[in-house]
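Spelled out, the chains give:
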Amino acid sequence: MTTFTLPARQPFNFHNAVRSHGWYQVTPFHYDEAASLLTYVLRLSTGKVVELRLTPATDGIQVETAALTRAEQAEASDRVDWMFGLQRDFSDFYAATRHEPKLAHVEPNAYGRVLRSPTFFEDVVRTILTTNTLWAATKRMTLNLVNQFGDPLPNDSNRRAFPTPERLAGASEEQLRNETRLGYRSPYLIELARRAASGELDLEAFKTSDLPTLELRKELLKIKGIGAYAAANLLMILGRPDFIPIDSWAAKMVSHEWHDGQPVTPAEVESHFEQWGQWKGMAYWFWNWSYQG
DNA sequence: GGTAGACCTGGACGC
DNA sequence: GCGTCCAGGTCTACC
């Protein structure tokens, strides 16, 4: 057993960071809210599969996992640091929200962080599985994918890590359609996995890219299955909240907030948050909506 | 650059 | 039981 603590830049709220995005509900994440325990099945670069048990600690996160070598612990630390964005600085965003009653709850609750997957490949796959479907179907498709292509925990074959690009690259389109039930998304995932596995597409480099956000968005839109919504969602994950992930939920919220429940266009959704500039996506994400339906 | 139509799936809904 | 609609959209063809 290995236990260590990772510090977070303050303010930090473990529960709000976990729930900032729906990923915590989707395997191989699992959140026990009563116990404030987030678990995640991680495949290390050596191929070793471990369960991470993450709980709030004083000023950060406590990580409990299987016995690890020094190098493995360093890798696990880096992964958790990225997943929570532990050192991210939101002071400029907080300063901007102090004049907006609809965002008054943001700073006191340390909102801003978005829970993300350890690899950007995983976040791209997850995002493709959120498009044009119900949230329940997103969870089911991801579960099928993990169960069929993920490496198991050594002592519990029912719990598996998220599949690697290499593993998915070896799957067939028919397999993903007929067994994983991904529908028309199947060829998108096969192409993505093959490009990532071959090195043609370096998805992990997106995390540290120096490209301006507009250019980075163009690169994301080149990926089959990634459109305006998905690109905005992935840019949020990358810490570039310049765009709003406009989906049917966003349209509904904006419609009731400012248009008396009437249908709104994506341009109208954007226009309400234009003043927030580089924080546009965050202002939308954490807005205190009047409509709760 | 803007827009209509097709696209997998499966749960909700009306009949 | 059965048909239709639609959801945390995107792609392609066409104008």
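Since we're looking at a predicted model, the values are computed, not measured.

**Here we look at the packing of helix α9 (residues 213-221) against helix α10 (residues 228-237)**
Then step 1. Two elements in contact, α9 and α10, have axes separated by 10 Å at closest approach and are oriented at 125°. Looking at the two axes, α9 sits oblique to α10. Seen along the crossing, α9 lies across α10 with a hand that is right-handed. Within the contact between the two elements, α9 uses Thr-213, Leu-216, Arg-217, Leu-220 and Leu-221 and α10 uses Ala-228, Ala-231, Leu-234 and Leu-235.
Then step 2. The class makeup of the residues in the contact of α9 with α10 is seven nonpolar, one polar and one charged.

**Overview of the protein's contact with DNA strand B**
Then step 1. As a structural note, the neighbourhood of DNA strand B is formed by Asn-132, Leu-134, Arg-140, Arg-177, Arg-181, Gly-183, Tyr-184 and Arg-185.
Then step 2. Among atoms of DNA strand B positioned within 4 Å of the protein, sugar and phosphate together represent 68%.
Then step 3. Between Asn-132 and DNA strand B, the recorded distance is 2.8 Å, taken from a side-chain N or O atom to a base nitrogen.
Then step 4. Per-class residue counts for the surface near DNA strand B are two nonpolar, two polar and four charged.

**Notes on the domain arrangement of chain A**
Then step 1. We note that the domain assignment places domain 1 (2-88), domain 2 (120-237) and domain 3 (248-285) within chain A.
Then step 2. Relative to domain 3, the C-alpha centre of domain 2 lies at a distance of 27 Å.

**Regarding the layout of surface pockets**
Then step 1. Approximately 1200 Å³ is the volume found for the largest pocket.
Then step 2. Residue lining of the largest pocket: 34 residues in total, with Gly-22, Asp-247, Trp-249, Tyr-284 and Trp-285 positioned closest to the centre.
Then step 3. For the lining of the largest pocket, the leading source of residues is helix α11 (residues 248-258), giving four residues.
Then step 4. Residue composition of the lining of the largest pocket, by class: 16 nonpolar, 15 polar and three charged.
Then step 5. Taken as a whole, the second largest pocket spans an internal volume of roughly 400 Å³.
Then step 6. Lining the second largest pocket are 24 residues, with Arg-79, Thr-119, Thr-164, Pro-165 and Glu-204 positioned closest to its centre.
Then step 7. Among the secondary structure elements, those contributing two or more residues to the lining of the second largest pocket are β3 (37-43), α2 (70-84), α4 (120-128) and α6 (165-169).

**Focus: the pairing of strand β7 (residues 156-160)**
Then step 1. Pairing of strand β6 (residues 152-153) with β7, which is carried by two bridges, proceeds in the antiparallel orientation. Residue pairing across strands places Pro-152 opposite Arg-160, the latter belonging to β7.
Then step 2. Between β6 and β7, which pair antiparallel in sequence order, lie two residues.

**So, α9**
Then step 1. Regarding α9, the residues found buried are Thr-213, Leu-216 and Leu-220. For α9, the buried positions fall inside an angular range of 60° around the axis, keeping them on one side.
Then step 2. Looking at the buried side of α9, the elements it contacts are α4 and α10.

**Side note on the protein's contact with DNA strand C**
Then step 1. Near DNA strand C there are 19 residues, and of these Gly-225, Gly-227, Tyr-229, Ala-230 and Ser-248 occur at the shortest range.
Then step 2. Within 4 Å of the protein, the contacting atoms of DNA strand C are drawn from sugar and phosphate to the extent of 68%.
Then step 3. Residue Asn-132 places a side-chain N or O atom 3.2 Å away from a base nitrogen belonging to DNA strand C.
Then step 4. Here a phosphate oxygen of DNA strand C and a backbone polar atom of Gly-225 are 2.7 Å apart.

What counts and what doesn't
Residues numbered from 1 in each chain as written. Chains lettered and ligands numbered in written order. Predicted model: local features only at pLDDT ≥ 70, side-chain atom pairs only at ≥ 80, totals over all residues. Heavy atoms only, no water. Axes fitted to C-alpha atoms, helices over the stretch in contact; angles between N-to-C directions. Helix = DSSP H or I, 4+ residues; strand = E, 2+ residues; numbered from the N terminus. Parallel < 35°, antiparallel > 145°, perpendicular 65-115°, else oblique. Left-handed = near helix turned anticlockwise from the far one by under 90°. Contact = heavy atoms within 4.5 Å. Nonpolar A, V, L, I, M, F, W, Y, C, P; charged D, E, K, R; others polar. Near = heavy atom within 4 Å. Polar contact = N/O pair within 3.5 Å; in protein donor to acceptor, adjacent residues only side chain to side chain. Domains from an automatic or database assignment. 1 Å grid on protein atoms, 1.4 Å probe; cavity = no way out; pocket = protein on both sides within 12 Å on 5 of 7 lines; lining within 4 Å. Points joined across faces, edges and corners; volume = space filled by probe spheres on them. Pairing = 2+ DSSP bridges. Buried < 20%, exposed > 50% of the residue type's maximum accessible area, 1.4 Å probe, protein only. Arc of directions from axis to C-beta.

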